[in-house]
Amino acid sequence: MKVLSLAAGAGFVVFWSCGFIGARWGTEYTNAFDLLAWRFLVAGALAVVILAVRRPRISRRDLATQVWMAFLTQFVYLGLIFTGIDHGITAGVTALIGSLQPILIATVAGPLLGEQVNRRQWLGLVLGLVGVGLVVADDLGAGHGSPMLFLVPIGGLLGLVGGTCLERKRRPSTSSLEALAIQSLTSAVLFTALAASTNKLTVPSEPGFYGAVVWLVLLATGGGWGLYLVNLKLSGATRISSLLYLVPPTTMLFAFLIFGETIGVLAVVGMLICAAAVLRIRCGDGGTPVAEPDGSAGVACVHRGAARSEQPDRAAVAARRGHSAHVLRDSRPAVRGAGQPPADE
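Residues numbered from 1 in each chain as written. Predicted model: local features only at pLDDT ≥ 70, side-chain atom pairs only at ≥ 80, totals over all residues. Heavy atoms only, no water.

Structural notes on the packing of aromatic side chains
Per the stated rule, a full pass over the model turns up 14 aromatic pairs. Note on Phe75 and Phe191: the rings are 5.1 Å apart at their centroids and 50° apart in plane angle, and the pair reads as tilted. Taken together, the residues span a long stretch of sequence, with Phe75 in helix α3 (residues 60–86) and Phe191 in helix α9 (residues 176–197) at a distance of 116 residues. Residue classification places Phe191 among the buried residues on the basis of a relative accessible area of 0%. (Phe/Tyr/Trp six-rings, centres within 6.5 Å; stacked < 30°, edge-to-face > 60°. Helix = DSSP H or I, 4+ residues; strand = E, 2+ residues; numbered from the N terminus. Buried < 20%, exposed > 50% of the residue type's maximum accessible area, 1.4 Å probe, protein only.)

Following this line, the structure appears as structure tokens:
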């Protein structure tokens, strides 16, 4: 399980970073709404095939959860993030704003999700924020028009936080593949309607545009969002959100390899700090409880600081057995005297 968690986390960082690269690539040819409409039209077509083949039985509650997840984590988050990039906010600054999610998740995880964040983890969260700030320090010094423009990606960030908390709160039993298919199909409807209603839906002729669409569908949607859902099932919201600290430096590395952008010494230092912060959060002594799927009822959450384990609560089982034996012993005289079994409790 530990190896699977590490692999899923590493893959999530790589593929999630590809979304920023695809956004920059695709918006060179068209507007954000058009790019997102085409991205999810292709992803939605694949989703129809997946759902037709698998024919999953999904409850109304789980279906409603996935539709709301699509609205919050894709329509709101991606729509506003891509709009910000389309209007001149650099990928580095956008990634910095997105890196505030771990702090927000940690703030609301306790009261909403029951995920305790200890002092060691808080230190890691703040350390990661410092590392991200170093990575994008140069971008922060460059002007990008009206300060009000930064409210756009901040609104997208709030959508991602809301969707993450919703998924952790409702714990849908839908598999990750089926959840991704439903969300992609929902987003295809939403983004296509938005682009068409704003007269921004086009049919670009440049081959590079469709290369960006394929990139976004395969790497960002299939890889990034797919592993996002997988990680939500494998670990708590605070831990999966902490991986976002690694996205800005990874995005800068990809930008260097693909677009030839240079990486300064300050950015390298920030990358190392981000890596140390994530290791501190994920490998600390007191960890966040690991969220289990719905089928794991009766299995205690992992929380070493509270002396819990993944094994069934043996003390509770023993207590129930003792209680059952006590009831049987006490009920025998009543059975002999009255000739009838005791009432069910």
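Here's the deal with the side chain of Gln66
Residue placement: Gln66 occurs in helix α3. What makes Gln66 buried here is its relative accessible area of 3%. Among all residues touching Gln66, those that are not within four sequence positions of it are Pro172, Thr174, Ala179, Ile182 and Gln183. (Contact = heavy atoms within 4.5 Å.)

Some words on the confidence of the model for the protein
Overall, the predicted model of the protein reaches an average pLDDT of 76, with 74% of residues at or above 70. Taken as a whole, residues 285–317 scores under 50 in pLDDT and shows 55 contacts with residues more than four places along the chain or in a different chain. (pLDDT = per-residue confidence, 0-100.)

With respect to helix α2 (residues 32–54)
If you check α2, its first and last C-alpha atoms are 32 Å apart, about what 23 residues at 1.5 Å a residue would give, namely 33 Å. Along α2, the positions that sit buried rather than exposed are Ala32, Phe33, Asp34, Leu35, Leu36, Ala37, Arg39, Phe40, Ala43, Gly44 and Ala47. Close packing links the buried residues of α2 with α1 (2–26), α3, α9 and α10 (207–234). With a side-chain oxygen positioned 3.2 Å from the backbone nitrogen of Phe33, the residue opening α2 is Asn31. Looking one or two residues past α2, Arg55 carries a phi angle of roughly 45°, positive in sign. (Expected span 1.5 Å × (residues − 1). Polar contact = N/O pair within 3.5 Å; in protein donor to acceptor, adjacent residues only side chain to side chain.)

Some details on the packing of α1 against α3
Contact pair α1 / α3: the axes reach a minimum separation of 10 Å and the direction vectors enclose 45°. The orientation of α1 relative to α3 falls into the category oblique. α3 is crossed by α1, and the crossing has right-handed handedness. Residue-level inspection shows Trp16, Gly19, Phe20 and Ala23 of α1 in contact with α3, the latter providing Tyr77, Ile81, Phe82 and Ile85. Looking at the contact of α1 with α3 residue by residue, the classes come out as seven nonpolar, one polar and no charged. (Axes fitted to C-alpha atoms, helices over the stretch in contact; angles between N-to-C directions. Parallel < 35°, antiparallel > 145°, perpendicular 65-115°, else oblique. Left-handed = near helix turned anticlockwise from the far one by under 90°. Nonpolar A, V, L, I, M, F, W, Y, C, P; charged D, E, K, R; others polar.)

Overview of the nonpolar core
Counting residues in each nonpolar core, the largest one holds 51 residues, and the members touching the most others are Phe12, Trp16, Phe82 and Tyr228. Residue assignment for this core shows that the elements contributing at least two residues are α1, α2, α3, α4 (91–98), α6 (119–135), α9, α10 and α13 (265–283). The dominant element in this core, judged by the number of residues it contributes, is α10, at eleven residues. Listed in part, the eight residues of the second largest apolar core include Ile89, Val93, Ile105 and Leu157. (Core = buried A, V, L, I, M, F, W, Y, C linked by side-chain atoms within 4.5 Å.)

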